[in-house]
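Residues per chain, in single letters:
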Amino acid sequence: MNTLYLYTIVGVGLFTLGLYALLIHSDLLRKILAINIMGSGVFLILVALAARTQGAVPDPVPHAMVITGIVVAVSATALALALVIRVRTKVGHANLPEQSLE
Amino acid sequence: MLSFLLPQRVKLLGLLIAAGVVAAVAALGWQVAELGAQRYAIGGWGAPLGIDLYADGLSLLMLMVNAVVCLGVSVYSTGYFNRAYFRRSRAIYFWPLWMFLWAALNALFLSSDIFNLYVTLELLGLSAVALVALAGGADALTSAMRYLLINLLGSLFYLLGVALLYHRFGSLDITILSQHIEPSPAVWVAMGLMTSGLLLKTALFPMHFWLPAAHASAPAPVSALLSALVVKASFYIFLRLWLEIFPVDSSVFGELLGVLGAIAIFWGGVQALRQTRLKMLIAYSTVAQLGYLFLAFPMASYFAWKGALFILLSHALAKTAMFMAAGNILHFGGHDRIQDFDHVVQYQPLTSAAFALAGISIMGLPPSGGFIGKWLLLEAAINSGQWWLVIIIIMGGLLAAAYIFKVIGYAFTQSRKSHQTRRVPIRMEWTALILAIAAILLGLIAPWPLAIMDIGLPFSGEAAG
Amino acid sequence: MSLNALLPLLMVLSSLLVGLIIFFLPEERAGIRIALNLAAAVLKLILVGVMSWGVFFYGLEYEFRMPLLHSQELILHADALSILFVTLSTILWLVTTVYAIGYLEDSPHRSRFFGFFSLCVMATVGVAMAGNMITFLLFYELLTLTTYPLIVHRGTEEARRAGRTYLIYTMTGGVLILTGTVWLHAIAGSLDFSYGGFVSDLVDEHRTALIAIFVLLIAGLGVKAALVPFHGWLPQAMIAPAPVSALLHAVAVVKAGAFGIVRVVDDVYGVEVAANLGVTGPLAVLAGVTIIYGSIRALFQDDLKRRLAFSTISQVSYIVLGIAIAGPLATIGGLVHLVHQGVMKITLFFCAGNLAETLGIHKISEMNGVGRRMPWTMTAFTIGAFGMIGVPPLAGFVSKWYLGLGALEVGQEWVIYVLAGSSLLNAAYFLPILYAAWFKLPTDSWPDERAFGSGETAWTLLLPAVITAFLTLAVGLLASMPFSPLHWARFITTLEYLP
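Remember, it's a predicted structure, so these values are computed and weren't measured experimentally.

So, how was this worked out
Residues numbered from 1 in each chain as written. Chains lettered and ligands numbered in written order. Predicted model: local features only at pLDDT ≥ 70, side-chain atom pairs only at ≥ 80, totals over all residues. Heavy atoms only, no water. Helix = DSSP H or I, 4+ residues; strand = E, 2+ residues; numbered from the N terminus. Buried < 20%, exposed > 50% of the residue type's maximum accessible area, 1.4 Å probe, protein only. Areas by Shrake-Rupley, 256 points an atom, 1.4 Å probe, with all protein chains shown as cover. Contact = heavy atoms within 4.5 Å. Lys, Arg positive; Asp, Glu negative; His and termini not counted. Charge placed at Lys NZ, Arg CZ, Asp CG, Glu CD. Pairing = 2+ DSSP bridges. Salt bridge = Lys/Arg side-chain N within 4 Å of Asp/Glu carboxyl O. Buried area = accessible area lost by both parts, 1.4 Å probe. Polar contact = N/O pair within 3.5 Å; in protein donor to acceptor, adjacent residues only side chain to side chain. Nonpolar A, V, L, I, M, F, W, Y, C, P; charged D, E, K, R; others polar. 1 Å grid on protein atoms, 1.4 Å probe; cavity = no way out; pocket = protein on both sides within 12 Å on 5 of 7 lines; lining within 4 Å. Points joined across faces, edges and corners; volume = space filled by probe spheres on them. Core = buried A, V, L, I, M, F, W, Y, C linked by side-chain atoms within 4.5 Å. Expected span 1.5 Å × (residues − 1). Bend = angle between axes of the 7 residues up to and from the residue. Axes fitted to C-alpha atoms, helices over the stretch in contact; angles between N-to-C directions. Parallel < 35°, antiparallel > 145°, perpendicular 65-115°, else oblique. Left-handed = near helix turned anticlockwise from the far one by under 90°. Patch = residues over 30% accessible without salt bridge, like charges linked within 9 Å, V, L, I, M, F, W, Y side chains within 5 Å. pLDDT = per-residue confidence, 0-100. Phe/Tyr/Trp six-rings, centres within 6.5 Å; stacked < 30°, edge-to-face > 60°.

1. A word on the overall build of chain A
(1) Moving on: When helices and strands are counted, chain A shows 3 helices and 0 strands.
(2) Moving on: Listing every helix and strand of chain A by position from the N terminus yields α-α-α.
(3) Moving on: Each of the 102 residues in chain A was classed as buried or not, and the buried ones make up 38%.
(4) Moving on: Only carbon and sulfur atoms are counted for the fraction: they give 69% of the accessible area of chain A, which is about 5,800 Å².

Rendered as structure tokens:
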């Protein structure tokens, strides 16, 4: 069991955990956190898989992908948080109702 | 980007850019038609390291319909987002977001590697969410929120699949991947992840639950865009992956998609029929129409792909026209309750005509684009002996007729005009009508787009059918 | 592109353009609207004249082609059969336009009405001139769409209900035809109409499929042709304004269905192949049942227009019967009835409309003594009714004569009984009307009388009825003259049986 697989498994674990949290919580802030945890899981997997052969210099392309991914995730989170604030002021609470239209 | 800086000139600027993009697409179209598929390496790096732009017949068609719809939406929006209807602060946000979305769409249709597709998909999703939230009401905000979460979730699934594929084959380029790919457990897992992420975004039944609310609560031009183009974008990626990367001999999976598509047609149709609000009706109609696209998978023949693509194109035009018409009606009468339409619809003949013509295409009656697509799908279904698909396609058309005539019937009543009406800018009515006419004309010029689909043909493998 | 190719296109485009222009005319520009309508009608008449001359004397082909799908083209084509139908619809359209102008005077939404009216004619002409199944289907569906606004024109709840029924029936019929057509295309690879059909090579290999396609096509067409059991929409559609009913029954919808059946039997399958497949027999029986059923139902209607509607159901099936008997003489009878029924039925509907507009009469029980109040209208009505019954030398007699002869020729005596029974029933439901109108004493006042100056009614209403009544007389009396419908039907039959 080398560390590479450990990272990968942790990544998959984070992804699953995030997915679970996303589905069962109705609070929006928790959902956003859950999404971010999922994202971290994916990035972890990407970085872990970049080291293809033991000891060699890791492949730089996944690192570039992770950086891009982090940028996207940050902006997505910013947008999500802005929306949460708006939802809260309009609706009064930061939950998703079951049926939003009629 | 410029439009953040120049709020006064924003409309003019928007239109200029729109015209510019259309010209560029036309030029590209000429190039592809003359010279075949084009590849352009940004920064000169080239595959497998750099970012490539790639255009073949499929992307060209998507770009063209994109250009037409977006130009229409731009013109429409100059009327829609004016001071009388929208607070100025909101309206000025529309244009930059809108240009952003359009850029993301164009980039997406031109991308040739799967990570670049991820980035454009995210850009697309984020700008779409922001546009939905523009409407500002509680409904719009919550559905924007839901839409955002769905988008991120779908993208993450997709990204995880990308990671696995990269690990396995060391490349992101679609062409390179398609040469190296071979069935293995890792590929199956990657395929499953990417597929579920994309299907979530394409709103295939049963993952359609987020779509009606998001599409119905957005401002009219935005709804038009979402239904016409944004869901198609993830379908486009899915189609590319399915046709070029994944091993095609997975017929069980194809059957499953077909069954889900069939259920979507029924469910969407029945739900559309039950709606009391026009925009919800149109949104459910989108769910049903998306189902048609997936009917091609169990047949997987040349005609079937072409039929599905043709439905995609004509639906893009028709649905835009329909949402615009709904926007006009909403603006004119102040509501979109279908049962109170008798005071409203007959006083907007142009809008009614737009809705009716778009409806003809959605129902798949001749001579519209929808008819051609349906004909091709039907023929493919009969050729492959899959009669259950024939029945689905037929019933879907009848359901569509039912929910569309439910609305059109009100155009022929003789009730008196409702007193609280507002004038609708004439260009809003005309844009809707012209796009609807385009959806009809698409049926009469069918050989032309069908020929474009053959350029750099992604489905050449099965061209024998 | 040669001039000959342009003529059929011009036929279709003339009404399309006129229809579109009329939509944008303001309501009060009645003058321009009327001028446009009449100009298009006259132009069409001239075009038809030129084409029938060419087809008959020079054997010319007027054909317009445009690619539509892989290996499929949009074909507008003028052969002898299309000329027959186009001539009928063009002449009757001209007359009906005049009538509609009088009938709809001062009613709202006239631009919309005449716009769709023109589009409806466009679709009918397209149906008539379609050169293959896909073109036929295209215009056939357009016809459905353009007649819907005409049926719901009054905008009442009842009209909308009728419109809904109409759509349910016709849309279902449409998809049946679509399925049949696509299937046929998948098997045969071609859909172009040709004399004697184009599927004869496929009979051995695809026998079952061909029978199934035939059933699909006929069921789909049967909806518009109002064959039992697909006739339910027709009596309900009577809610439409009188000129629409007249057009629907005599020229457009019902006829398009019957015409389609003629096309399918003659030019898709070919009479011999169809007989070989064993599908014409059941079709003939179905037509026979419809004839008797329609007549019996007509007997029990007190509403004049509903009685006429059931009469249409019965009469249109004569056309189908003639085709399905599958003998040359019977085919002549069926084809000629396509024209004759149109002329007679439109007369009756014009008269019914006149009674309703002038005196407010809708029911037969209100018609006592109306012959003295409106002698011209009732004379026209009488001619039409006698024609329907088949009194010589009127139009209906000619059709029935050929149908009977044709049935004997191929040894199907039962048809004679159907014809005789139906004629008796026709007499039973028309003669009481005539008796009441001419010989009973009028009641004190009419339900809703309107004055129209010195005449019995407005001349725009009266003239069309008189003209078509005159035509009913003429096509019967002059049946043996060149260019009469009978002569033309013989010409088509010759082409059909001697390809």
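After that view, the rundown keeps rolling.
2. Some thoughts on the overall build of chain C
(1) Moving on: Scanning chain C from N- to C-terminus turns up 20 helices and 2 strands.
(2) Moving on: Counting all 499 residues of chain C, 65% fall into the buried class.
(3) Moving on: Sequence-distant contacts, at least 24 apart, represent 80% of the contacts inside chain C between residues at least 6 apart.
(4) Moving on: Accessible surface computed for chain C: about 16,500 Å², of which carbon and sulfur atoms make up 67%.
(5) Moving on: Of the charged side chains in chain C, 26 are positive and 29 negative, and the gap between their average positions amounts to 9 Å.

3. Structural notes on the pairing of strand E2 (residues 72-78) of chain C
Residues and elements named next belong to chain C.
(1) Moving on: The element E2 is largely enclosed, with a buried count of 6 among its 7 residues.
(2) Moving on: Across 7 bridges, the pairing between strand E1 (residues 62-69) and E2 is antiparallel. In the strand pairing of E2, proline 67 is matched with glutamate 73.

4. Re the environment of C:Trp53
(1) Moving on: Turning to its location among the elements, C:Trp53 is positioned in helix H2 (residues 30-58).
(2) Moving on: You can call C:Trp53 partly exposed: its relative accessible area is 46%.

5. Regarding the pattern of salt bridges
(1) Moving on: Tallied over the entire structure, the rule returns 8 salt bridges over all chains.
(2) Moving on: Across the pair B:Arg337 and B:Asp340 runs a salt bridge whose closest N-O atoms are separated by 2.9 Å.
(3) Moving on: Judged by relative accessible area, B:Arg337 falls into the partly exposed class, the value being 37%.
(4) Moving on: Residues C:Arg263 and C:Asp267 are paired through a salt bridge, measuring 2.6 Å at the closest nitrogen-oxygen approach.

6. Examining the interface of chain A and chain B
(1) Moving on: Contacts between the two partners involve 37 residues from chain A, matched on the other side by 39 residues from chain B.
(2) Moving on: Interface of chain A and chain B: buried area, both sides summed, is about 3,400 Å²; carbon and sulfur atoms make up 80% of it.
(3) Moving on: At the boundary of chain A and chain B, one finds 0 salt bridges.
(4) Moving on: Remark: the boundary between chain A and chain B carries 0 residue pairs in polar contact (both at pLDDT 80 or more).
(5) Moving on: Those elements that provide at least two residues to the side of chain A that touches chain B are helix H1 (3-24), helix H2 (28-50) and helix H3 (60-91) of chain A.
(6) Moving on: Split into classes, the residues belonging to the side of chain A that touches chain B amount to 26 nonpolar, 4 polar and 7 charged.

7. Here's the deal with the arrangement of the chains
(1) Moving on: Of all 2 pairs of chains in contact, the one with the most contacts involves chains A and B.
(2) Moving on: Kept free of each other, chain A and chain C leave a smallest C-alpha distance of 28 Å between them.

8. Observations regarding the layout of surface pockets
(1) Moving on: Estimates place the volume of the largest pocket at around 1,700 Å³.
(2) Moving on: Lining the largest pocket are 49 residues, with B:Leu357, C:Leu20, C:Phe23, C:Phe116 and C:Leu119 positioned closest to its centre.
(3) Moving on: If you list the elements that add at least two residues to the lining of the largest pocket, you get helix H14 (349-363), helix H16 (387-408) and helix H17 (426-444) of chain B together with helix H1 (3-24), E1, E2, helix H4 (110-129) and helix H5 (133-151) of chain C.
(4) Moving on: Sorting elements by how many residues they give to the lining of the largest pocket places H14(B) first, with 8 residues.
(5) Moving on: Across the lining of the largest pocket, the residue classes tally to 42 nonpolar, 5 polar and 2 charged.

9. Some points on the nonpolar core
(1) Moving on: Ranked by size, the top nonpolar core spans 410 residues in total, and within it B:Trp98, B:Ile114, B:Met145, B:Tyr158 and C:Tyr269 carry the most contacts.
(2) Moving on: Looking at which element gives the most residues to this core, the answer is helix H13 (residues 302-333) of chain B, with 21 residues.

10. Examining helix H14 (residues 328-359) of chain C
All names here are of chain C.
(1) Moving on: Look at H14: 46 Å from first C-alpha to last across 32 residues, which is about the 46 Å you get at 1.5 Å a residue.
(2) Moving on: Its maximal kink placed at histidine 337, H14 deviates by approximately 30°.
(3) Moving on: With 30 of 32 residues buried, H14 lies mostly within the body of the structure.
(4) Moving on: Once H14 finishes, glycine 360 follows within two positions and takes phi at roughly 75°, a positive value.

11. Focus on the interface of chain C and chain B
(1) Moving on: Chain C puts 35 residues into the contact, and the matching count from chain B is 35 residues.
(2) Moving on: Here chain C meets chain B over a buried area of about 3,100 Å², counting both sides, of which 79% is carbon and sulfur.
(3) Moving on: The largest share of the area that chain C buries against chain B comes from C:Leu69, C:Arg160 and C:Val182, three residues that together contribute 17% of it.
(4) Moving on: Across the chain C-chain B interface, the total number found is 0 salt bridges.

12. Quick word on the packing of H4(C) against H5(C)
Residues and elements named next belong to chain C.
(1) Moving on: At a minimum axis distance of 8 Å, the contact between H4 and H5 shows a crossing angle of 160°. Considering the angle they form, H4 stands roughly antiparallel to H5. Read as a crossing pair, H4 and H5 show a hand that is left-handed. Contacts between H4 and H5 involve Phe113, Phe116, Phe117, Leu119, Cys120, Met122, Ala123, Thr124, Gly126 and Val127 on the former and, on the latter, Phe136, Phe139, Tyr140, Leu142, Leu143, Thr146, Thr147, Pro149 and Leu150.
(2) Moving on: Of the residues assigned to the contact of H4 with H5, the class counts are 15 nonpolar, 4 polar and no charged.

13. Remarks on a nonpolar patch on the surface
(1) Moving on: Side chains of C:Trp53, C:Phe57, C:Tyr58, C:Leu60 and C:Phe483 sit close together on the surface and give an oily, nonpolar patch of about 550 Å² of accessible area.
(2) Moving on: Relative to the helices and strands, C:Phe483 is located in the loop between helix H19 (459-477) and helix H20 (485-497).

14. Focus on the confidence of the model for chain C
Residue and element names in this part refer to chain C.
(1) Moving on: Across chain C, pLDDT averages 87, with 98% of residues at or above 70.
(2) Moving on: Taking the mean pLDDT of every element in chain C, the minimum, 80, falls on E1 and the maximum, 93, on helix H7 (residues 207-224).
(3) Moving on: Predicted as a complex, the structure gets a pTM of 0.89 and an ipTM equal to 0.90.

15. A few points about the side chain of C:Arg33
(1) Moving on: For C:Arg33, the position within the fold is in helix H2.
(2) Moving on: Setting aside its immediate chain neighbours within four residues, C:Arg33 contacts C:Ile22, C:Leu25, C:Pro26, C:Glu27, C:Arg110, C:Ser111 and C:Phe114.

16. Some words on the packing of H1(A) against H2(A)
Each pair of packed helices gets described by two things: the angle between the helix axes and the distance between those axes.
Residues and elements named next belong to chain A.
(1) Moving on: At a minimum axis separation of 7 Å, H1 and H2 run at an interaxial angle of 160°. On the basis of the axis angle, H1 is roughly antiparallel to H2. In the packing of H1 onto H2, the handedness of the crossing is left-handed. Of the residues in H2, those in contact with Leu4, Tyr7, Thr8, Val10, Gly11, Val12, Leu14, Phe15, Gly18, Leu19, Ala21 and Leu22 of H1 are Lys31, Ala34, Ile35, Ile37, Met38, Gly41, Val42, Leu44, Ile45, Ala48 and Leu49.
(2) Moving on: Its residues placed into classes, the contact of H1 with H2 shows 18 nonpolar, 4 polar and 1 charged.

17. Comments concerning the packing of aromatic side chains
(1) Moving on: Within this structure, the stated rule accounts for 38 aromatic pairs over all chains.
(2) Moving on: Judged by centre distance (5.3 Å) and plane angle (80°), the ring pair of B:Phe94 and B:Trp95 falls under edge-to-face.
(3) Moving on: Looking at B:Trp95, the relative accessible area reads 2%, which means it is buried.
(4) Moving on: Both rings, one in B:Phe405 and one in C:Tyr148, keep their centres 5.0 Å apart while their planes meet at 70°; by these two values the pair is edge-to-face. With one member in each of two chains, B:Phe405 in helix H16 and C:Tyr148 in helix H5 form a pair that bridges those chains.
(5) Moving on: Given a relative accessible area of 4%, C:Tyr148 falls into the buried group.
(6) Moving on: One aromatic cluster is present, built from ring pairs that chain together B:Phe235, B:Phe238, B:Trp242, B:Phe253, B:Phe294, B:Phe297 and B:Trp305.

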